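# Report on the structure
The residues making up each chain are set out below.
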Amino acid sequence: MNLHYDVHGAALSVQADDVHSSSIVRQLLGYFPAQAAASPDSVKITVRTAPDGLPEAPPSAIPLCQNGAGAGGWAVYEDDAGHTVRFHEAGAVRIPRNGGASVVQLVDSGNEEDALYCLHFALVEMMKRRGKFTLHAATLERRGHGILISGASGRGKTTSCLSLIRSGYRCVADDHPFLEAKDGLIHARSFPEPIQVTDDTRRMIPELQAANAPLTPGERKWLFRLEDVYGAAWAETCVPRVVLFPQVIQWSTSYVEPMSPARVMEELLPNGFRVLDRSVATAHFHLLADLARQTRGYRLFLGEDVLELPKVIDPLTPD
């Protein structure tokens, strides 16, 4: 099955070779406008399920790095034609060096979150070639101005994001916005997908506590659609003006401390700068540097007054 999408002006064509693969593609990309046919310059991804397990890396491949060997582990290999990234119990992604289609091979283990991650990885790497980069950040819009909440998992990004949505901010992305340079500014573009929350976040947000809340249990978190809980559509784009780096503290009230642009850049790099293709690494680095200069950065110390967070953040955004 061939599926075609418009991802913020970039044509994407995905060939899904089986029912499981097609389901994963639709879950990840279903928010983006569907297109009737492929474009000659489409980004191309092939997705298939590997019924007999994942193939080995090419014999000529050189191992570059790895992290663990079991669940959650991954390894990166390089050869003359590109890179192979093996997510040991989830799938493998092939990223070609010059043109061609990325190939995603999935293990049908029943863990859809891992399968979605493999496809998302391929999409992110391929879209970099069209000048669209990503950052691990929740992204919100208020009066046209954007707020990025960036950091590793468990830092309070989604909890902070939901607190602001409740007070009228519009969500651009819960986890991975697309970033691109246009007209001298860095713009954040939407990446709508189901929002994932932990049990702790669910207990903090009133709308998620109800017994009839439209939540779906995942492998590690609860999932829900933004429009099902808040009746709100995703915002398409914004110009980031504030970037927050949250950390949870055992304190009654939340507060922020300003950060220098240099410190903001140091914090952005581990959350957004992943290098496979050297040809786009320079552009990616400069985009993050421009983002650090364009925004005002703050360390957000997230206390127990989560629902009062808008009172802390509102004064930071331009009127």
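A brief structural summary. (Residues numbered from 1 in each chain as written. Predicted model: local features only at pLDDT ≥ 70, side-chain atom pairs only at ≥ 80, totals over all residues. Heavy atoms only, no water.)

### With respect to the sheet that holds strand E4 (residues 62-67)
If you trace the 8 strands from one edge of the open sheet to the other, you get E1-E2-E3-E8-E7-E6-E5-E4, paired in mixed fashion. Every interior strand has two partners, whereas the edge strands, strand E1 (2-7) and E4, have only one. Across the sheet, the axes of successive neighbouring strands diverge by a mean angle of 15 degrees, strand direction being ignored. Of the strand pairs in this sheet, E4 and strand E5 (residues 74-79) are connected by 5 bridges, and their pairing is antiparallel. Bridged to asparagine 67 within E5 is tryptophan 74. (Pairing = 2+ DSSP bridges. Helix = DSSP H or I, 4+ residues; strand = E, 2+ residues; numbered from the N terminus. Axes fitted to C-alpha atoms, helices over the stretch in contact; angles between N-to-C directions.)

### Topic: the packing of aromatic side chains
Note on aromatic pairs: each is described by the distance of the centres and the angle between the planes. This structure, assessed with the given rule, holds 7 aromatic pairs. Measuring from ring centre to ring centre gives 5.3 Å for phenylalanine 87 and phenylalanine 121, while their planes differ by 75 degrees; the resulting arrangement is edge-to-face. Taken together, the positions of phenylalanine 87 in strand E6 (residues 82-87) and phenylalanine 121 in helix H2 (residues 112-127) put the pair 34 residues apart, joining distant regions of the chain. Summarising the burial analysis for this pair, phenylalanine 87 and phenylalanine 121 share the class buried. Relative to phenylalanine 191, the ring of phenylalanine 178 has its centre 5.3 Å away and its plane inclined at 20 degrees; by these criteria the two rings are stacked. (Phe/Tyr/Trp six-rings, centres within 6.5 Å; stacked < 30°, edge-to-face > 60°. Buried < 20%, exposed > 50% of the residue type's maximum accessible area, 1.4 Å probe, protein only.)

### Some remarks on helix H1 (residues 19-29)
Among the residues of H1, His20, Ser21, Ser22, Ile24, Val25, Leu28 and Leu29 are the ones counted as buried. Buried residues in H1 make contact with E1, strand E2 (10-16), strand E3 (43-49), strand E8 (102-106) and H2. Sitting at the head of H1, aspartate 18 places a side-chain oxygen 3.2 Å from the backbone nitrogen of histidine 20. (Contact = heavy atoms within 4.5 Å. Polar contact = N/O pair within 3.5 Å; in protein donor to acceptor, adjacent residues only side chain to side chain.)

### What about the nonpolar core?
Where a protein is soluble and globular, its nonpolar side chains tend to be buried together. If you look at the biggest cluster of nonpolar residues, it comprises 36 residues, and the most contacted ones within it are Val25, Leu29, Ile45 and Val104. Every element with two or more residues in this core is listed here: E1, E2, H1, E3, E6, strand E7 (91-96), E8 and H2. Ranked by residues supplied to this core, first place goes to H2 with 9 residues. When neighbours within four sequence positions are excluded, isoleucine 45 is seen to be in contact with Leu12, Ser13, Val14, Gln15, Ala101, Ser102, Val104, Leu119, Ala122, Leu123 and Met126. In this structure, Phe224, Val242, Leu302 and Ile313 belong to the second largest nonpolar core, which totals 31 residues. (Core = buried A, V, L, I, M, F, W, Y, C linked by side-chain atoms within 4.5 Å.)

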